[in-house]
Structures are given as structure tokens and as C-alpha cells.
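# Summary of the model geometry
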Amino acid sequence: IMMNELLNESDKASKHQMQEPITVFLSHLHHLLGDMYMDMSNAKIALSCYKKAYDFLKPISTEVEHTTVQKKYEREGTFLLVKMGKTWLYTCEYSKVLKVLTKALEVFRDLNILDSPEYAFTLLQMGIFYRFMFQDELAHNMLNSALVINEKNFGTNSEEVADTLHSKAHLLMDMGKLKVYN
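So, here's what we can say about the structure. (Residues numbered from 1 in each chain as written. Predicted model: local features only at pLDDT ≥ 70, side-chain atom pairs only at ≥ 80, totals over all residues. Heavy atoms only, no water.)

Attention now moves to the nonpolar core. One finds Met-84 and Leu-123 to be the most contacted residues of the largest nonpolar core, which totals 41 residues. Broken down by secondary-structure element, the contributors of at least two residues to this core are α2 (15-39), α3 (43-63), α4 (67-90), α5 (94-110), α6 (117-132) and α7 (136-154). For this core, the element with the most residues is α6, which contributes 9 residues. With near-sequence residues (within four places) excluded, Met-84 lies in contact with Leu-47, Tyr-50, Lys-51 and Tyr-54. (Core = buried A, V, L, I, M, F, W, Y, C linked by side-chain atoms within 4.5 Å. Buried < 20%, exposed > 50% of the residue type's maximum accessible area, 1.4 Å probe, protein only. Helix = DSSP H or I, 4+ residues; strand = E, 2+ residues; numbered from the N terminus. Contact = heavy atoms within 4.5 Å.)

Below, the structure written as C-alpha cells:
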């Protein structure tokens, strides 16, 4: 109701211009809900939230004309795909994981944001995926790259670096290169 009132009262802005901020807000809201459900280990509900967030952003990324804005929405949409890949990783839907993460890496390379937190997060998820697929060398390379980018962006005492080191420690234990003492 409120959105309709805003649209009806607007003399200066087009209907599309008024809908865009609301659509972006709804996308961000669903993104946050997805993160919340992932934190609560409910990957299936998180996946539905990420999908909804992606669905809100997708039309905007194809409709906007300004390339900087389009790249911003493409970046956000691709990051949501990576989050969907993470949920599929936790629900053991591995064929979907590889497809979506590979596509995300391509998009981030095309956008030339190879030092971004989003790219590092994608590398981290690829590293975890390759660890689950027993491709230790690929996993090691992905995790090392993610670690370098995260340290550059967040510093050595950050949650992102800790997550990457945690995944790397699991990989090294799997490879027999790190022993755990009780």
C-alpha cells in the first residue's frame, strides 16, 4: 500500500525510479535473512532467501542503462549466487556448486575485481568445494589466494581471515600435514 501511495504521489520520478530503491531494499533484506539462516545452520531456508534476493536484483541489473550501476548490481547478484553455492555445498548438491562458483569467478574476473572481498569469498567456497572433492592441490591454491586477498582487505585479525585459516587447517589435517593434539 505504501509503495502504491509513493508511486501515485510522485510527480518528478518515473515509476521505475521509485521502484528501484524499494526493490534493492527488499533484495538486501532477503540477503540478510539468508545470512541469518546460514548462521543458524538452516541452509534450505537460507537458499530460498538468497534466491529471492537474487530475483529482486536480476531485473534491475538488466534494465539499468548506466554501466557503473549495472556493474554494481551484477556484482551484488553474483555474490548472491556464491551464497547460493555455499548453501548447496552444505546440502551436498555438488553439481550446482561447481557450476555457480565457476560462473561467479568468471563474472568477477570480467568486472576486474580480483582483489575484492566477494572474489575472496568465492575462492574460499571453491577451496572448500575442492576439499570435499579430494582435490587437495586445487583446494590449497584457492584457499591461499583467498587468504592473501582477505588479509589485504581486512587485516590479519579479521573474521574473514580466521574463516579462511580454519578451512585451510581442515585441508592440511586431511592431507596429513597438520596434527591435532588433544
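Time to look at the packing of aromatic side chains. For the structure on display, the rule yields 4 aromatic pairs. Residues Tyr-94 and Phe-129 carry aromatic rings whose centres are separated by 6.3 Å and whose planes lie at 55° to one another, so their mutual orientation is tilted. Placement of the pair is Tyr-94 in helix α5 and Phe-129 in helix α6, with a sequence separation of 35 residues. Here Tyr-94 and Phe-132 contribute two aromatic rings whose centre-to-centre distance is 6.4 Å and whose plane-to-plane angle is 70°, an arrangement assigned as edge-to-face. Of the two residues, Tyr-94 sits in helix α5 while Phe-132 sits in helix α6, which places them 38 residues apart along the sequence. Assessed through its relative accessible area of 26%, Tyr-94 is described here as partly exposed. Its end group placed over the ring of Phe-121, Lys-83 keeps NZ or CZ at 5.8 Å from the ring centre. (Phe/Tyr/Trp six-rings, centres within 6.5 Å; stacked < 30°, edge-to-face > 60°. Lys NZ or Arg CZ within 6 Å of the ring centre and 35° of its normal.)

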